[in-house]
Amino acid sequence: MTTRSIVFMFSGQGSQYYQMGKELFRTVPAFRQCMLRLDERVKSSIGVSVVDHLYDEKRRLSDRFDRTLLTHPAIFMVEYALAQALIDSGVQPDYVVGASMGELTAAAVAGALPADDALELVIQQARALETHARPGAMLAVIHDPDLYRRDPMLSSNSELGSVVFDAQFVVSGAQEHLLQIESHLKSRDVVCVSLPVTHAFHSSLIDPAGPHYQRVLDASSIGAPRIPMISSVDGRPLARVPRHYFWDVVRQPIQLPKALLELERQQNHVYLDLGPGGTLANVIKRNITPRTQSAGFATMTMYHQDAKNFNLIVETWARQPPAPAPAPVRPAAPAAAPVRSQPARQLTAYVFPGQGSQVRGMGGALFDELADLSARADRILGYSIKDLCLNDPEGRLGQTQYTQPALYVVNALSYLKKVRETGFTPDYVAGHSLGEYNALFAAGVFDFETGLKLVKKRGELMSQAQGGGMAAVVGLTRDQVQEVLEKNGLTSIDLANYNSSSQLVIAGLKDDITKAQPIFQAAGVRAYIPLKVSGAFHSRYMAIAERSFEAYLDTFTFSPLSIPVISNIHARPYERAEAKRNLVKQLTHQVKWFDTMQYLLALGEIDIHEVGPGNVLTKLTTAIRREARS
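Report follows, based on the coordinates. Sequence order sets the numbering: in each chain, residues are counted from 1 along the sequence as written. In view of the model being predicted, local features appear only for residues whose pLDDT reaches at least 70, and side-chain atom pairs are presented and counted only at 80 or more, with totals across whole chains, interfaces and linings using the full set of residues. Neither water nor hydrogens contribute to the side-chain values; these are computed over all heavy atoms in the structure.

1. Remarks on the overall build of the protein chain
Helix and strand assignments come from DSSP, with helices taken as H or I runs of at least 4 residues and strands as E runs of at least 2, each series counted from the N terminus. If you tally the helices and strands in the protein chain, you get 26 helices and 17 strands. In this description the radius of gyration comes from C-alpha coordinates, and the expected globular size is given by 2.2 Å times residues to the power 0.38. For 630 residues, the compact-globule estimate of 2.2 N^0.38 gives 25 Å, and the protein chain sits close to it at 26 Å. With respect to the three principal axes, the spread of C-alpha positions in the protein chain is 85 × 55 × 45 Å. Residue exposure (1.4 Å probe, protein chains only): buried if accessible area is under 20% of the type maximum, exposed if over 50%, otherwise partly exposed. In the protein chain, which comprises 630 residues, the proportion classed as buried is 60%. When contacts within the protein chain are restricted to residue pairs at least 6 apart in sequence, long-range pairs at least 24 apart make up 79% of them. Should any heavy atoms of two residues lie within 4.5 Å, those residues are considered in contact.

2. What about helix H24 (residues 579-586)?
Three- or four-residue spacings in an α-helix give side chains the same orientation, since the helix completes a turn every 3.6 residues. Every buried residue belonging to H24 is among Ala579, Asn582, Leu583, Val584 and Gln586, and all of these are buried. Elements that come into contact with the buried residues of H24 comprise helix H19 (435-442), helix H20 (448-463) and helix H23 (543-553).

3. Section: the packing of helix H18 (residues 400-422) against H19
Where H18 meets H19, the axes come as close as 9 Å, and the angle between the chain directions of the two elements is 35 degrees. Note on packing geometry: the crossing formed by H18 with H19 is right-handed. In this structure, H18 uses Leu407, Tyr408, Asn411, Ala412, Tyr415 and Leu416 to contact H19, whose residues at the interface are Gly435, Tyr437, Asn438, Phe441 and Ala442. In the scheme used here, Gly and all other residues not listed as nonpolar or charged are polar, with Ala, Val, Leu, Ile, Met, Phe, Trp, Tyr, Cys and Pro taken as nonpolar and Asp, Glu, Lys and Arg as charged. Looking at the contact of H18 with H19, its residues break down into eight nonpolar, three polar and no charged. Here an axis means a line fitted to C-alpha atoms, over the contact stretch when the element is a helix, while the angle between two N-to-C directions is reported on a 0 to 180 degree scale. Left-handed describes a crossing whose near helix is turned anticlockwise from the far helix by less than a right angle; the clockwise case is right-handed.

4. Brief notes about the pairing of strand S17 (residues 606-610)
Along a regular strand, successive side chains alternate from one face of the sheet to the other. Burial of the side chains of S17 is restricted to one face: Ile606, Ile608 and Glu610 are buried, whereas none of Asp607 and His609 on the reverse face is. Strand pairing is assigned whenever DSSP identifies at least 2 bridges connecting the two strands. As judged from the five bridges shared by strand S10 (residues 347-352) and S17, these two strands associate in the parallel manner. Along S17, the bridge assignment pairs Leu347 with Ile606.

Any functional reading would require information that these geometric values do not contain.
Dropping the structure here:
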């Protein structure tokens, strides 16, 4: 039993995706029953089953889900059904907070109006927007919100939709203007992500829908919340909900940090993000101080962990008997300090190791803890991934076609366990060579199974490249290594990995790699270590594999990035829609790991955690940090 109060939080447009909540629909009866009941209400209003559309097996996670008349009720339904399933299991909210249209879910859970009435208001809002609002778009920008004021490109061509925390905000505007802004920001190495919406919520482009929706609100009956409801418009508690409020929440800028500031000034809380994407868990992380005992946890994500997250929340926070009523929230003082003045948590980056980190026994209990994913891996691979990693009975773990799928699975399981335990996703991700596939998985570019299929094919193609070799060169700089190669006519050897300022890996024909050893030793290298590989990875000699892999990649569809991924070949965040090109070029291009780490460290205070077996990347990070300080 926890002494911290529980806050249910509900996200709005931009957090949706096909199949959201499907695992809960299959495994949690209360969730399924509520979804089906609400779906009947939707069908009677718009003549379409949201459940059938949302869980259509032909729809992939990567398909764009942006029809407002369907996404509006879909978001409400999964959030409200999840809240009711948790309440039925004994997890009682002390407060509710919504963001944008998530305020309607919050109001229904708080008892300000019946769920059916709230759902009808959601549907009517979507109708008003589709019929009367002008088309638009929204863009999440990973940067100090003051950039909006300082940069005329932003302030003149968009409107501020929300301030998420002190390093992220959202702008809204016309599609053509936001495309210009996106290009402008990326030319300045500012990370930004387009949201899956067709309207510029929280901007003047939706104003024509306002009067039509207000007439619907004027005819509605909205009471006082029975559970304290904190506004994301101004951060104040709502003793009553004015009729114009549910238009304000989609028209005015979202000020969710103000609601969190007001809650945090009272006591510590457990913030449960009941939105589809788990995005509010990151908002919570970045808006509560390191000193607090408050914590945020995601439930629904794109990583097939919804049922386990649900069960973990119930096991941890179900209350018997129900908790006493919470203390009333004091109205915010007019001169309250802005959220940005609070000490911010450090940025966090997760990095995933690549080939060379494998070891018999890796993964341990993960295969049993995440048995469903292990079983899926077995079906794709045609053998037991658990047996390969733990026992390696046939000695295949060191063979590329087996090493790469094994590392991908262990890295992925390690990541999912870490997210489940912490409730947070990182601010940035990166992976060394093969590990970049785990970074893209963590960023939602593809699901677990798709990533494994790609890695399996990659390992097979790379294992077919015979006659090549690689060697680690320690003690010389990149320029010095290049100079040794050029002066001694070793121009057939490429720089494959730039791991640190004094640790590189070269690749070429096996005879050339052998020939180069005494030459580098004479040049004063501290160590020259031939690697146990069959091919010259990340070099020109992988061109055949590159062409075959490109054709294979073309059969897949990728989703937009939900977390910035630092590219191996550019050492910069992935550009929009370039994932396939990067993965193809990665086979023949240098892994710029040192540059990647320098990019992350240049962001400021950042915690970098290695996720997967071994500590190779941790050691490299420590060395690079040490060099940066000297």
